[in-house]
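Okay, here's what each chain looks like letter by letter:
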Amino acid sequence: MTADIPIVAISAVAGAAFSALLACVPGLHIYNILGLLVIGAHALAARGAAVPGEVLVPLTAGMIVGYSMLNTVPSVFLAAPDESALFTVLPGQKYLMMGRGYEATMITSAGGLIGLCLLVPFLGVFGPGFLPAAKAVFQRHMHWILWCVIAFMLMSEWPKGGRFGQGGWGKFLDAWKSTGAGLLTFLLAGFLGFILLYRSPISVTAAFQNLLPAFVGLFTMPWLLLNIASRIEIPRQLLGMSTTLDRIVLAKGVMAGCLGGGFAAFFPGVTGGVGGMLAGHATAVRDDRVFLVSQGASKLVYYVGALLLLFVPGLGTTRGGAAWMLKGLYVPHSRHDFYMALGAVALAGAVSFLLVGPLTRGTIWLLRTCGYRRLSWATLWIILGLVWGITGWMGLLIMAVSTGIGLLPPLLGARRMNCLGVILLPLACNMSGVGPAVARWLGLL
Amino acid sequence: MTQSSAVCPSCERFIGPADVCPYCEAEADKPAIVRRLRVAALLLAVVGLTFLYLMARNADTPVVRIGDVTPMMNFAGVRIAGTIKNNVYIKRQGEEIDYLSFYVDDGTGELQVQVSRETARELAAGNRLPEKGDRVDVAGTLNVSGEGKIRLRTLRLDVVNPTTPTPTSR
């Protein structure tokens with residue numbers, strides 16, 4: 001075991017540093033990169049050179065931590081508010097347009113670091129005792145909890161128009177435009193999810209990345225396309241902090257973030273964004289700084305927590321893309337794996353946080369040198385290559401259809417979160433026991 | 001930012017993609033690209049999804065040999081044809097069946113088949129529960145773990161050559 005420690009540490013740091021760099025590329029999701037890692041690991045295993053758990057586990061953990069910490073950089077600097085944002089200009093975007101993008105990144109990362117500092121000891125001490133008991137309690141109730149989440153998500157898509165003018169169909173339709181767009185997006189995405197889950201056109205040899213083209217199309221492509229079409233000029237960015245983060249701001253933000261991230265990590269189908277939205281409503285987050293801190297904490301707790309659930313002894317739960325992909329390569333056996341993963345996460349968290357400052361400055365320099373659009377074009381080609389390389393032409397076709405669905409919310413003023421119908425709807429139906437009946441009715445079974 | 005069409009030309013508030021300012025009702029002139037993108041997105045989503053659905057509906061679930069299953073096929077929807085090697089394990093919840101589990105051998109390898117509650121209850125209702133030695137055709141989702149264990153979560157099961165005929169369609 002002692003001899004393994006340097007290998008574990010090196011793997012965790014390497015994973016964190018590698019994904020921290022990649023996280024700064026807009027739209028490149030860590031699960032896409034992990035997919036390539038899985039392909040490489042399987043190829044090595046087929047040649048009799050399987051990657052040992054002492055490398056695989058900390059490397060994956062490091063990559064997830066690095067991504068969740070550094071992904072803030074493109075989400076602040078490469079998602080400037082344009083025609084795609086109606087009413088809701090997120091605080092990170094506000095900071096960016098005031099030239100304080102660096103500050104927004106640092107505040108969000110601080111939230112992430114504190115979230116991680118709470119997650120690791122919580123799981124280490126209470127995980128093996130508390131989580132299996134919680135699972136036993138919630139197991140039979142997961143389906144209706146998921147339906148409640150869906151109902152809240154759809155009902156909180158409030159009407160944004162129809163407030164002025166004479167009554168009648170015109171006003172009615174104006175009021176329903178964004179709400180209807182949200183519902184339409186959710187249903188179309190859900191329908192796509194049923195097709196992909198029950199009769200996926202993707203080759204069986206690439207099935208482990210079944211949802212990759214759909215997720216790229218629903219979330220990444222619209223972002224990149226709108227960046228390219230956008231005419232926004234980003235103001236010169238200041239490299240410093242002009243606000244202070246007092247304990248109350250940090251405590252409120254971390255509490256909301258950990259609640260949302262923890263909920264999303266534990267319940268199937270719920271992502272960090274949905275968890276953050278629920279926690280934001282539950283804790284009435286209003287202050288921009290609190291919001292940024294909560295986003296950082298929520299993202300870290302969701303991504304890292306979901307992966308760590310795989311290792312919690314006696315739990316037997318797999319949540320999130322990273323855990324599913326890792327499980328195909330390595331099945332944790334004992335507390336040795338659990339504590340190794342926790343150690344790797346802690347180490348990777350420290351390294352990732354130290355990289356936030358330099359990489360943010362690097363991104364600002366890159367934006368100044370290359371420009372917003374050119375960076376988005378470059379990423380677009382990388383993403384297209386990745387989807388084609390892993391899932392072939394059929395993957396590109398699914399990605400194109402998903403892009404159409406993914407473009408609806410930003411162009412019609414609804415939440416992008418509705419695109420999560422792609423997993424939420426089939427999963428909720430399956431958990432309620434009606435999934436196969438719906439699939440049969442659709443002719444997919 | 002002030003040059004953007006996301007800002008109302010009259011009150012200069014941020015209005016995003018709205019055609020009419022929700023604050024002052026002024027007409028906001030949207031760039032042609034935004035209008036075209038809206039139509040293109042809607043068409044792509046609806047028409048594309050319709051064709052994708054028709055394609056998926058009319059496609060056959062691929063038949064794979066158990067020996068050819070690789071970890072990359074995790075989550076793949078496949079069909080397996082083989083013979084049940086052991087006694088079928090029936091997990092009950094009270095009087096009702098919860099799930100069935102058995103091993104299928106197709107000559108190239110062996111995998112564990114887990115039949116979901118709904119399918120198992122349907123089979124039981126039709127007196128078509130499979131037994132050891134039956135030749136079956138099962139369709140479902142593959143689950144390949146890092147330990148090399150292969151499982152098939154079955155969505156459809158046909159007993160094509162039963163060992164013990166029953167009065168029903170078997």
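Computed from a predicted structure; not experimentally measured.

## Some thoughts on the overall build of chain B
Point 1. In terms of regular secondary structure, chain B is built from two helices and six strands.
Point 2. Per-residue burial for chain B yields a buried fraction of 42% across its 170 residues.
Point 3. Nonlocal contacts in chain B, meaning residues at least 24 apart in sequence, comprise 47% of its contacts between residues at least 6 apart.
Point 4. Here chain B displays about 8800 Å² of accessible surface, and carbon together with sulfur accounts for 50% of that area.

## Re the overall build of chain A
Point 1. Scanning chain A from terminus to terminus reveals 17 helices and zero strands.
Point 2. Over its C-alpha atoms chain A spans a radius of gyration of 21 Å, differing by no more than 12% from the 22 Å that the globule rule assigns to 445 residues.
Point 3. A principal-axis box enclosing the C-alpha atoms of chain A has dimensions of 75 × 60 × 45 Å.
Point 4. Going through the 445 residues of chain A one by one, you find that 59% of them count as buried.
Point 5. Taking all contacts inside chain A whose residues are at least 6 apart in sequence as the whole, residues at least 24 apart take part in 84%.
Point 6. Within the structure as shown, chain A displays about 17200 Å² of accessible surface, and the carbon and sulfur contribution to it stands at 70%.

## Digging into the confidence of the model for chain A
Residue and element names in this part refer to chain A.
Point 1. Per-residue pLDDT for chain A has a mean of 86; in total, 94% of the residues score no lower than 70.
Point 2. Per-element confidence in chain A is highest for helix α16 (residues 421–431), whose mean pLDDT is 93, and lowest for helix α5 (residues 91–97), whose mean pLDDT is 79.
Point 3. When the criterion is pLDDT under 50, residues 82–88 qualifies, and its contacts beyond four places in sequence or with other chains add up to 35 contacts.

## Things to note about the pairing of strand β2 (residues 89–93) of chain B
Residue and element names in this part refer to chain B.
Point 1. By the bridge criterion, five bridges tie β2 to strand β3 (residues 96–105) in an arrangement that is antiparallel. Looking across to β3, one finds that R92 is bridged to I97.
Point 2. Connecting β2 to the next strand, β3, in antiparallel fashion are two residues, including G94 with a positive phi near 70 degrees.

## So, the side chain of S19 of chain A
Residue and element names in this part refer to chain A.
Point 1. Its location among the elements puts S19 in helix α1 (residues 4–23).
Point 2. Assessed through its relative accessible area of 1%, S19 is described here as buried.
Point 3. Among the polar contacts made by the side chain of S19, one reaches the main-chain carbonyl oxygen of M63 at a distance of 2.7 Å.
Point 4. When residues no more than four places from it in sequence are discounted, the contact partners of S19 are I30, G62, M63, G66 and Y67.

## Overview of the packing of aromatic side chains
All names here are of chain A.
Point 1. Counting across every chain of the model gives 16 aromatic pairs over all chains.
Point 2. Consider the rings of F122 and F126, whose centres lie 5.6 Å apart with planes at 45 degrees: the pair is tilted. A residue pair is termed a helical-turn pair when its members lie 3 or 4 positions apart in one helix, as F122 and F126 do in helix α6 (residues 101–138) at four residues.
Point 3. Given the relative accessible area of 35%, F122 is considered partly exposed.
Point 4. Overall, the relative accessible area of 46% leaves F126 in the partly exposed class.
Point 5. Counting every residue linked through ring pairs, the aromatic cluster contains Y31, Y67, Y302 and Y303.

## Overview of the environment of R57 of chain B
Point 1. Turning to its location among the elements, R57 of chain B is positioned in helix α1 (residues 32–57).
Point 2. Note: C-alpha distance between R57 of chain B and E27 of chain B (30 residues apart in sequence) is 45 Å.
Point 3. Setting aside anything within four residues of it in sequence, one finds R57 of chain B in contact with R199, L442, G443 and L444 of chain A.
Point 4. A polar side-chain atom of R57 of chain B sits 3.2 Å from the main-chain carbonyl oxygen of L442 of chain A.

## Observations concerning the pairing of strand β1 (residues 77–84) of chain B
All names here are of chain B.
Point 1. Pairing between β1 and strand β5 (residues 135–144): seven bridges, direction antiparallel. Bridge pairing in β5 links R79 to A139.
Point 2. Bridge count for β1 against β3 is two bridges, and the pairing is antiparallel. Across the sheet, residue T83 finds its bridge partner in β3, namely D105.

## Here's the deal with helix α14 (residues 335–370) of chain A
Point 1. Its axis deflected by about 40 degrees at V356 of chain A, α14 of chain A carries its strongest bend there, up to four residues before the proline P358 of chain A.
Point 2. Downstream of α14 of chain A by one or two residues, G371 of chain A has phi in the positive range, about 95 degrees.

## What about the nonpolar core?
Point 1. The biggest cluster of nonpolar side chains holds 146 residues, and the ones touching the most others in it are I64, L70, V274, V304 and L444 of chain A.
Point 2. Setting aside chain neighbours within four positions, we find V304 of chain A in contact with I64, V65, S68, L116, L119 and V345 of chain A.
Point 3. Core analysis: the second largest hydrophobic core is formed by 28 residues, I66, A76, F102 and L142 of chain B among them.

## Some points on the packing of α1 of chain A against α14 of chain A
Residues and elements named next belong to chain A.
Point 1. The geometry of α1 relative to α14 is characterised by a closest axis approach of 8 Å and an angle of 40 degrees between their N-to-C directions. By the criterion of interaxial angle, the relationship of α1 to α14 is oblique. In terms of crossing hand, the pair formed by α1 and α14 is right-handed. Where α1 abuts α14, its residues D4, V8, A9, A12, V13, A16, A17, A20 and L21 lie against H336, M340, A344, L347, A348, V351, S352, L355 and L359.
Point 2. Looking at side-chain class alone, the contact of α1 with α14 contains 15 nonpolar, two polar and one charged residues.

## What to know about the pattern of salt bridges
Point 1. The tally for this structure, following the rule as stated, stands at seven salt bridges over all chains.
Point 2. Residue D68 of chain B is joined to R65 of chain B by a salt bridge in which the shortest nitrogen-to-oxygen separation is 3.1 Å.

## Quick notes on unusual backbone geometry
All names here are of chain B.
Point 1. If you check the backbone angles, F75 has positive phi at about 75 degrees while not being a glycine.
Point 2. The residue F75 is located in the loop between α1 and β1 in this model.
Point 3. For F75, a relative accessible area of 26% gives the class partly exposed.

## Here's the deal with the state of the cysteines
Point 1. Throughout the structure, instances matching the rule amount to zero disulfides over all chains.
Point 2. Here C117 of chain A stays free of any disulfide, with the sulfur of C258 of chain A as its closest cysteine sulfur at 10 Å.

## Remarks on the side chain of T318 of chain A
Residues and elements named next belong to chain A.
Point 1. Note that T318 resides in the loop between α12 (288–309) and α13 (320–327).
Point 2. The class for T318 is buried, based on a relative accessible area of 9%.
Point 3. In this structure the side chain of T318 is engaged in a polar contact, spanning 3.2 Å, whose partner is the side chain of K327.
Point 4. When near neighbours in sequence (up to four residues on either side) are disregarded, T318 contacts L310, A323, W324 and K327.

## Here's the deal with the packing of helix α8 (residues 169–199) of chain A against α16 of chain A
Residues and elements named next belong to chain A.
Point 1. Across the interface, α8 lies against α16 with an axial gap of 6 Å and an inter-helix angle of 65 degrees. It follows from the interaxial angle that α8 and α16 lie roughly perpendicular. Like other packed secondary-structure pairs, α8 and α16 cross with a definite hand, here right-handed. Taking contact as the criterion, the partners of F186, A189, G190, L192, G193, F194, L197 and Y198 in α8 are, on α16, G421, V422, L424, L425, P426, C429 and N430.

Calculation notes
Residues numbered from 1 in each chain as written. Chains lettered and ligands numbered in written order. Predicted model: local features only at pLDDT ≥ 70, side-chain atom pairs only at ≥ 80, totals over all residues. Heavy atoms only, no water. Helix = DSSP H or I, 4+ residues; strand = E, 2+ residues; numbered from the N terminus. Buried < 20%, exposed > 50% of the residue type's maximum accessible area, 1.4 Å probe, protein only. Contact = heavy atoms within 4.5 Å. Areas by Shrake-Rupley, 256 points an atom, 1.4 Å probe, with all protein chains shown as cover. Rg over C-alpha atoms; globule rule 2.2 N^0.38 Å. pLDDT = per-residue confidence, 0-100. Pairing = 2+ DSSP bridges. Polar contact = N/O pair within 3.5 Å; in protein donor to acceptor, adjacent residues only side chain to side chain. Phe/Tyr/Trp six-rings, centres within 6.5 Å; stacked < 30°, edge-to-face > 60°. Bend = angle between axes of the 7 residues up to and from the residue. Core = buried A, V, L, I, M, F, W, Y, C linked by side-chain atoms within 4.5 Å. Axes fitted to C-alpha atoms, helices over the stretch in contact; angles between N-to-C directions. Parallel < 35°, antiparallel > 145°, perpendicular 65-115°, else oblique. Left-handed = near helix turned anticlockwise from the far one by under 90°. Nonpolar A, V, L, I, M, F, W, Y, C, P; charged D, E, K, R; others polar. Salt bridge = Lys/Arg side-chain N within 4 Å of Asp/Glu carboxyl O. Disulfide = S-S within 2.5 Å.

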